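Listed here are the chains, written in short residue letters.
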Amino acid sequence: MNEHPTIDLHCLHLLRLVAKHQGITAASGEAGLSQSALTRQIQLIEARLGLQLFERSTRRLRITPAGSFLLRETAMVSGLLDSAMRRLKEEFSGEQREIRIGVSRSVSLAHLPGLFHGQRRHHPEVKILVSHLGGSALLEALAACRLDLAVLCPPPRLPEGLELSHRIQDSFVVIAGQSGDAPDEQGWSDWVKTQNWIVPPTGTRSRDCIDRWWKERKLQPNVAMEIDSFDVTIQLVALGMGAACVPRRALSTFPRKRQIRRIKLPEPMTRELAIVTPKRGSLPEHVRDFIAEILFR
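To keep things clear, this report deals only with the structure shown in the data block.

Here is what the cut-offs are and how they apply
- Every chain begins its residue count from 1, and numbering advances along the sequence as written.
- Where totals are concerned, whole chains, interfaces and linings use all residues; where local detail is concerned, this predicted model gives features only for residues with pLDDT of at least 70, and gives and counts side-chain atom pairs only at 80 or more.
- Calculated side-chain values reflect all of the structure's heavy atoms, with hydrogen atoms and water omitted.
- Each residue is assigned to one of three classes by its accessible area relative to the maximum for its type, calculated with a 1.4 Å probe on protein chains only: buried under 20%, partly exposed between the two thresholds, exposed over 50%.
- Secondary structure follows DSSP: runs of H or I at least 4 residues long count as helices, runs of E at least 2 residues long count as strands, and numbering of each begins at the N terminus.
- In this analysis, strands are considered paired if DSSP registers two or more bridges between them.
- Any two residues whose heavy atoms approach within 4.5 Å at even a single point are treated as in contact.
- Any pair of Phe, Tyr and Trp rings, taking the six-membered ring for Trp, is counted once the centres come within 6.5 Å. Such a pair is stacked with planes under 30 degrees apart, edge-to-face with planes over 60 apart, and tilted for the rest.
- Like-charged residues are merged into a patch within 9 Å and nonpolar side chains (Val, Leu, Ile, Met, Phe, Trp, Tyr) within 5 Å, provided each residue has over 30% relative accessible area and no salt bridge.
- Residue burial considers only the protein chains on display, and all accessible areas are found by Shrake-Rupley using a 1.4 Å probe.
- Criterion for a salt bridge: a side-chain nitrogen of Lys or Arg within 4 Å of a carboxyl oxygen of Asp or Glu.
- Here, axes are lines fitted to C-alpha atoms. For helices the fit covers the stretch in contact, and angles between N-to-C directions go from 0 to 180 degrees.
- Oblique is the label for any angle not covered by the other classes, which are roughly parallel (under 35 degrees), roughly antiparallel (over 145) and roughly perpendicular (65 to 115).
- Each residue receives one of three labels: charged for Asp, Glu, Lys and Arg, nonpolar for Ala, Val, Leu, Ile, Met, Phe, Trp, Tyr, Cys and Pro, and polar for the others, Gly being one of them.
- Call a crossover right-handed when, viewed with both strands pointing away from you, the route from the first strand across the helix to the second goes clockwise.

### Focus on the pairing of strand 5 (residues 149-152)
Step number 1: What you see with strand 5 is no split at all: Leu149 and Val151 on one side and Ala150 and Leu152 on the other are buried throughout.
Step number 2: Relative to strand 11 (residues 270-278), strand 5 runs antiparallel, the two sharing three bridges. Bridge pairing links Ala150 to Val276 in strand 11.

Laid out in structure tokens, this is it:
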């Protein structure tokens, strides 16, 4: 029985380049190979596997389900190697240290100073690379070790290979435009039914949190708009486009506070933000320091 892998890391790298560019021409340029050499390499990989990884047409190569499966299941392999090489150069070759951070789209601009304040004061020499993605994409990037940490609303169960480092309670408020009367405690339910509500997209953790709060109070607000940014939501509420539940912290940097009203909630509404990291032997010291210096825990 042959115990050697059918393909190696170099083969996976070439497959990813072809899948990325959907063709040989651009992929061969990035790989530093001639088009004919890269074509032969891909054909050899397919022959070894006994599977077709790309469907060929006159204009481009389209990855097959088998090819997608292979690249998806081996994503962590290349991510781990890239991360190890980066840390090796930082630790032993004197290259500039960096932290790759993912921030969920549901985290408002007002949350960011608390993330980066301590880092700027104590470790300005460390380079920060920030990705702004949806929660699912952040978890995928963490699992593939393309990110060192992410700030997001965590799912009930983290994917294997990830761990939760810190939890942050984030309280919500209800806001509306200046026109109209604010409801009293008795008229709260009726007021809710008359508003057009701006909410996060269906399926997001923030939306689940808000929907659960409404459901527990046996209310079903009229959803008029779905937006994945609380900063944009606040702007639209100020323009009189509707009412919304937004993180209290998100209001702190909004410059036109006189254009919105805070509506008192009958009971608290909160969501949980979390710092999530890949599960590995140890985090680099500068990444641990970054997490320890976050202010809004």
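### So, helix 6 (residues 112-122)
Step number 1: Among all positions of helix 6, only Gly114, Leu115, Phe116, Gly118 and Gln119 are buried.
Step number 2: Each element contacted by the buried residues of helix 6 is listed here: strand 3 (98-104), strand 4 (127-133), strand 5 and helix 11 (285-292).

### Observations concerning the packing of aromatic side chains
Step number 1: As enumerated under the stated definition, the model contains seven aromatic pairs in all.
Step number 2: Aromatic pair Trp188 and Trp214: ring centres 6.3 Å apart, planes at 15 degrees, arrangement stacked. Within this pair, whereas Trp188 is found in helix 8 (residues 188-194), its partner Trp214 is found in helix 9 (residues 205-216), the two being separated by 26 residues in sequence. Pair check on accessibility: Trp188 and Trp214 agree, each one buried.
Step number 3: Relative to Trp214, the ring of Trp197 has its centre 5.1 Å away and its plane inclined at 70 degrees; by these criteria the two rings are edge-to-face. Here the residue Trp197 occupies a position in strand 7 (residues 196-199), and Trp214 occupies one in helix 9, the gap between them amounting to 17 residues. The pair formed by Trp197 and Trp214 is uniform in burial state, with each residue classed as buried.
Step number 4: Aromatic ring contacts, followed pair by pair, group Trp188, Trp191, Trp197, Trp213 and Trp214 into a single cluster.

### Digging into the environment of Leu139
Step number 1: On the secondary structure map, Leu139 appears in helix 7 (residues 135-143).
Step number 2: Here the alpha-carbon distance between Leu139 and His117, two residues 22 residues apart in the chain, equals 24 Å.
Step number 3: Beyond its immediate chain neighbours, meaning those up to four positions away, Leu139 contacts Leu152, Pro155, Leu158, Pro159 and Leu162.

### Observations concerning a nonpolar patch on the surface
Step number 1: A surface patch of nonpolar side chains, amounting to about 560 Å² of accessible area, comprises Leu9, Val77, Leu81, Met85, Leu88 and Phe92.
Step number 2: A total of five residues in the nonpolar patch trace back to one element, the largest contributor, which is helix 5 (residues 75-92).
Step number 3: Its place among the elements puts Leu81 in helix 5.

### Examining the packing of helix 2 (residues 24-31) against helix 3 (residues 35-49)
Step number 1: Here helix 2 crosses helix 3 at 100 degrees, and the two axes come no closer than 9 Å. By the angle between their directions, the pair helix 2 and helix 3 is classed as roughly perpendicular. Contacts between helix 2 and helix 3 pair Ile24, Thr25, Ala27 and Ser28 from the former with Gln35, Leu38 and Thr39 from the latter.
Step number 2: When grouped by side-chain class, the residues that make up the contact of helix 2 with helix 3 number three nonpolar, four polar and no charged.

### What to know about the pattern of salt bridges
Step number 1: Within the structure shown, the criterion is met by 15 salt bridges.
Step number 2: A salt bridge links Arg207 to Asp211, with the shortest nitrogen-to-oxygen separation between them at 3.1 Å. Within this pair, Arg207 and its partner Asp211 are both found in helix 9, separated by four residues, close to a single helical turn.
Step number 3: Residue classification places Asp211 among the partly exposed positions, given a relative accessible area of 34%.
Step number 4: In this structure, Arg217 and Glu216 form a salt bridge, with 3.3 Å as the shortest nitrogen-oxygen distance.
Step number 5: Among the ionic contacts, a cluster of salt bridges with common partners joins Arg86, Glu98, Arg100 and Asp148.

### Quick look at the pairing of strand 7
Step number 1: Sheet topology note: the strand 7/strand 8 (residues 222-226) ladder contains four bridges and is parallel. In the strand pairing of strand 8, Asn196 is matched with Asn222.
Step number 2: In this fold, the crossover linking strand 7 to strand 8 by way of helix 9 has right-handed handedness.
Step number 3: Pairing of strand 7 with strand 9 (residues 243-247) involves two bridges; the strand directions are parallel. Counterpart to Trp197 in the pairing with strand 9 is Ala243.

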